[in-house]
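Observations on the model geometry
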Amino acid sequence: MSTAERIIVTDAPHTHRYEARIGDEVAGEAAYIRTPELIAFVHTEVGDAFEGRGVGSALARAALDDARAQDRRVLAICPFIKGWIARHPDYQDLEYEPTSQVSD
């Protein structure tokens, strides 16, 4: 990846997503639902023109680093984020663990 293709990831809270940009273009996004204690990642998408360039990994890493900085747990509904966490043990401590189960 050249310097011109540097991936910049930012939180866009007004649209409830993290955006990965390459230059002026949105290359990918990770949509979320946020509560004071939790961030649930519901969908991650990388544009076809940007696949294979590390956009998804950059999104996952930046979003999870932000969750850690905000002391939030992560609920990975999105299969991409769930798989990324599974492959990166240093992020597994962020995963949301229910404290109790509802019974009938």
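The notes below deal with the structure included here. (Residues numbered from 1 in each chain as written. Predicted model: local features only at pLDDT ≥ 70, side-chain atom pairs only at ≥ 80, totals over all residues. Heavy atoms only, no water.)

This next bit is on helix 1 (residues 55-69). When the terminal C-alpha atoms of helix 1 are compared, their 21 Å separation across 15 residues agrees well with the 21 Å that a helix rising 1.5 Å per residue should span. For helix 1, the set of buried residues is Val55, Gly56, Leu59, Ala60, Ala63, Leu64 and Ala67. In an axial view of helix 1, the angular spread of the buried residues amounts to 150°, which keeps them on one side of the axis. Where the residues of helix 1 are buried, they touch strand 1 (7-12), strand 2 (17-22), strand 3 (25-34), strand 4 (38-46), strand 5 (73-76) and helix 2 (79-87). With its phi angle positive at about 55°, aspartate 71 sits one or two positions after the end of helix 1. (Helix = DSSP H or I, 4+ residues; strand = E, 2+ residues; numbered from the N terminus. Expected span 1.5 Å × (residues − 1). Buried < 20%, exposed > 50% of the residue type's maximum accessible area, 1.4 Å probe, protein only. Arc of directions from axis to C-beta. Contact = heavy atoms within 4.5 Å.)

Our next topic: the sheet that holds strand 5. Strand order in this open sheet of five strands is 1-2-3-4-5, and the pairing throughout is mixed. At either end of the open sheet lies a strand with only one pairing partner, and these are strand 1 and strand 5. Each strand axis lies, on average, 30° off the axis of its neighbour in the sheet, ignoring direction. Both strand 4 and strand 5 contribute to a ladder of four bridges, which runs parallel. Its bridge partner lying in strand 5, leucine 38 is registered against arginine 73. Each of strand 4 and strand 5 touches helix 2; the most contacted strand, strand 5, lies at about 120° to it. (Pairing = 2+ DSSP bridges. Axes fitted to C-alpha atoms, helices over the stretch in contact; angles between N-to-C directions.)

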